[in-house]
Amino acid sequence: QVQLAESGGGLVPPGGSLRLTCEASGSIRRAYAMNWYRQAPGKQRDLVAQLTIGGKTFYPDSVKGRFTISNDNAKNTVLLQIDSLKPEDTAVYYCNIGMDSSSYWGQGTQVTVSS
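The structure presented is a predicted model; accordingly, all values stated were derived computationally and were not measured.

Draft legend 1. Fine view of the sheet that holds strand 3 (residues 18-24). Pairing in this open sheet of four strands is antiparallel, and the strands run 1-3-8-7 from one edge to the other. The open sheet has two free edges, formed respectively by strand 1 (4-7) and strand 7 (67-72), since each of these has just one partner strand. With strand direction ignored, the average angle separating the axes of adjacent strands in the sheet is 15°. With four bridges joining them, strand 1 and strand 3 adopt antiparallel strand pairing.

Draft legend 2. Representation of unusual backbone geometry in the model. Despite not being glycine, Asn-76 shows a phi value in the positive range, around 55°. In this structure Asn-76 comes out as buried when scored by relative accessible area, which is 17%. For Ser-101, which is not a glycine, the phi torsion comes out positive at approximately 60°. Relative to the helices and strands, Ser-101 is located in the loop between strand 9 (91-99) and strand 10 (102-105). Taking the relative accessible area as the measure of exposure, Ser-101 reaches 75% and is therefore exposed.

Draft legend 3. Spotlight on the pattern of salt bridges. Enumeration over the complete set of coordinates arrives at four salt bridges. Its salt-bridge partner being Arg-30, residue Asp-100 comes within 2.6 Å of it at the nearest N-O pair. Note that Asp-100 is positioned in the loop between strand 9 and strand 10 and Arg-30 in the loop between strand 3 and strand 4 (33-39), a separation of 70 residues in sequence. Put simply, Arg-38, Arg-66 and Asp-89 are held in one network by salt bridges that share partners.

Reading the values: the criteria
Residues numbered from 1 in each chain as written. Predicted model: local features only at pLDDT ≥ 70, side-chain atom pairs only at ≥ 80, totals over all residues. Heavy atoms only, no water. Pairing = 2+ DSSP bridges. Helix = DSSP H or I, 4+ residues; strand = E, 2+ residues; numbered from the N terminus. Axes fitted to C-alpha atoms, helices over the stretch in contact; angles between N-to-C directions. Buried < 20%, exposed > 50% of the residue type's maximum accessible area, 1.4 Å probe, protein only. Salt bridge = Lys/Arg side-chain N within 4 Å of Asp/Glu carboxyl O.

See below:
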């Protein structure tokens, strides 16, 4: 099992950037999917970025071109670069990893976009 811890959230103005980090307590080399989700107040948790085996990525249209997911297996981290932030990006962002027939979640990090 691994524990995940997100960091890097905060308050940023519209148009700003953030880099979210998901640090795993152990190796994630066997992961078949690495994901970032977000959940705004009163809304469901939605997938915003996915990285799968072979380096294939997926982004929904709402974030395509602004969000970039990557990983560093040597550091056991999954990163989410967020550019051109919009107020509607305000949410708690969660890291999720699928590995060894299990799904692991972090506690989330708050991103607030406001002037």
